Amino acid sequence: KAVFFDLDNTLVDTAAAGRRAIEEPPRPLQVISALQAKHHYGEAEARAVCDKVQAKLLKECHDPAKMCITDLRISHWEEAIQETIGGEANRDLAAECYYLWKTTRLQHLTLAEDTRRMLTELRKGLRLLLLTNGDRQTQREKIEACACQPYFDAIVVGGEQKEEKPAPSIFHYCCDLLGVQPAECVMVGDSLDTDIQGGLNAGLKATVWLNKAMTAPVDTSPVPHFIISSVLDLPAVLQKMEHKINAKLGTDQMASSNE
């Protein structure tokens, strides 16, 4: 009855948008260009700063009770600049880089046309919900930027809830919002740890792992019910599930009439 979608790197390519925000050449304002032109960094130094920030973002642990996401991310830039260049910490330059990166990344976040079409089709027969982990402000800005609100019956941001994925509570909250049971829902996402493990923890009918590289994970736990290489393969998977359910219903009916 319902499909829950992850946002980042499932429906929108956040990683690519972040990379383009750092180095896409046509815009004179990109971070690397700004560091070179306005602050006289060499290209290698500017690139090293950006690489360090990317690494920090991947390892980021954010506790909103202790620090707002903006301060934390400016600190990433500040540390990266100091680690690369040395000298005094330069908070102003770090803030300039952060806002430049963030604005450009949001401009690059788009919900592709074929994804929009797929969501529109699916919604004719199913309830759709967007379920994303992360800081409230950051995720709401992304949702706004890629204009995905019209495609969903509800949107749930982990940073606004008591617990995030993979905790069962946030999945059960989503079920309550849509008026469905966990066994009537499918979770689709690119993270084994949060999307797939969460869907399994919550007792959803099925989990669909988006594995764009289609490389086998080193650790095969948790095990998703289905694996797809593009989110556009989802309708075929849902159809397959529908056939299985109908076939089982048919078998059950035959069994009960035989009894």
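The model shown is predicted, which means the values in this text are computed figures rather than measured ones.

1. What about the pattern of salt bridges?
And step 1. The full count for this structure, using the stated rule, is 17 salt bridges.
And step 2. Close ionic contact of Arg-123 with Asp-153 constitutes a salt bridge, the shortest N to O distance being 3.1 Å. Here Arg-123, found in the loop between α6 (113-122) and β2 (127-132), pairs with Asp-153, found in the loop between α7 (136-145) and β3 (154-157); they are 30 residues apart in sequence, far enough to count as distant.
And step 3. When salt bridges with common partners are traced through the structure, they connect Asp-6, Lys-165 and Asp-195 into a single cluster.

2. Quick notes on the pairing of β2
And step 1. For β2, the tally of buried residues reaches five of six residues, placing the bulk of the element in the interior.
And step 2. Sheet analysis places strand β1 (residues 2-5) next to β2, joined by four bridges and oriented parallel. Along β2, the bridge assignment pairs Phe-5 with Leu-130.
And step 3. Pairing of β2 with β3 involves four bridges; the strand directions are parallel. Looking across to β3, one finds that Leu-129 is bridged to Ala-154.
And step 4. Once you follow β2 into α7 and on to β3, the crossover reads as right-handed.

3. Regarding the domain arrangement of the chain
And step 1. Assigned domains of the chain: these are domain 1 (2-12 + 110-257) and domain 2 (14-108).
And step 2. Computed from C-alpha atoms alone, the centre-to-centre distance between domain 1 and domain 2 is 32 Å.
And step 3. Counting residues at the interface gives ten residues for domain 1 and ten residues for domain 2.
And step 4. Summing both sides of the interface, domain 1 and domain 2 together bury roughly 830 Å²; the carbon and sulfur share of this comes to 46%.
And step 5. Here domain 1 and domain 2 share one salt bridge between them.
And step 6. In this structure, Glu-141 engages Lys-102 in a salt bridge whose closest nitrogen and oxygen atoms are separated by 3.0 Å.
And step 7. The interface formed by domain 1 and domain 2 holds six residue pairs in polar contact (both at pLDDT 80 or more) in total.
And step 8. Among the residues forming the side of domain 1 that touches domain 2, the class breakdown is two nonpolar, four polar and four charged.

4. Here's the deal with the layout of surface pockets
Where empty space is left can be seen by rolling a probe of water-molecule size over the atoms.
And step 1. Empty space within the largest pocket amounts to approximately 1000 Å³.
And step 2. In terms of lining residues, the largest pocket is bounded by 37 residues, among which Asp-8, Leu-57, Glu-60, Arg-73 and Lys-142 are the most central.
And step 3. At the level of secondary structure, the elements contributing two or more residues to the lining of the largest pocket comprise α1 (14-23), α3 (43-58), α4 (69-85), α5 (91-108), α7 and α9 (192-201).
And step 4. Among the residues forming the lining of the largest pocket, the class breakdown is seven nonpolar, 15 polar and 15 charged.
And step 5. Among the domains, domain 1 (2-12 + 110-257) and domain 2 (14-108) are the pair contributing at least three residues each to the lining of the largest pocket.
And step 6. Here the second largest pocket is characterised by a volume of approximately 320 Å³.
And step 7. Forming the boundary of the second largest pocket are 16 residues, of which Lys-1, Leu-126, Met-241, Glu-242 and Ile-245 lie nearest the centre.
And step 8. Listed by contribution, the elements that provide at least two residues to the lining of the second largest pocket are β1, β4 (185-189) and α10 (234-258).
And step 9. Partitioning the lining of the second largest pocket into residue classes produces eleven nonpolar, one polar and four charged.

Rules used in this analysis
- In this convention, every chain numbers its residues from 1, walking through the sequence in written order.
- Per-residue local features of the predicted model are confined to residues with pLDDT of at least 70, and side-chain atom pairs are confined, for both listing and counting, to 80 or more; whole-chain, interface and lining totals are unaffected and use all residues.
- The side-chain quantities take in all heavy atoms of the structure and omit both hydrogens and water.
- One side-chain nitrogen of Lys or Arg within 4 Å of one carboxyl oxygen of Asp or Glu is enough to make a salt bridge.
- Numbering of helices and strands runs from the N terminus; a helix is a DSSP stretch of H or I covering at least four residues, while a strand is a stretch of E covering at least two.
- Per-residue accessibility, obtained with a 1.4 Å probe over protein chains only, is compared with the maximum for each type, and a residue is labelled buried under 20%, exposed over 50%, and partly exposed between these values.
- By this definition, two strands are paired if DSSP reports at least two bridges between them.
- Place the viewer so that the strands point away; then a crossover is right-handed whenever the path from the first strand over the helix to the second strand goes clockwise.
- Residue ranges for the domains trace back to a domain assignment, done automatically or taken from a database.
- In this description, contact between two residues means that some pair of their heavy atoms is separated by no more than 4.5 Å.
- Here's the idea: put two parts together, see how much 1.4 Å probe accessible area each one loses, and the total over both is what we call buried area.
- We call two N or O atoms a polar contact when they sit within 3.5 Å, provided that within protein one can donate a hydrogen and the other can accept it, with sequence-adjacent residues counted only if both atoms are side-chain atoms.
- In the scheme used here, Gly and all other residues not listed as nonpolar or charged are polar, with Ala, Val, Leu, Ile, Met, Phe, Trp, Tyr, Cys and Pro taken as nonpolar and Asp, Glu, Lys and Arg as charged.
- Throughout, the protein atoms alone are placed on a 1 Å grid, and a set of points is a cavity if a 1.4 Å probe fits but cannot get out or a pocket if it is open with protein on both sides within 12 Å along at least five of seven lines; lining residues have an atom within 4 Å of a point.
- Grid points are joined across faces, edges and corners, and a volume is the space filled by probe spheres set on the points.

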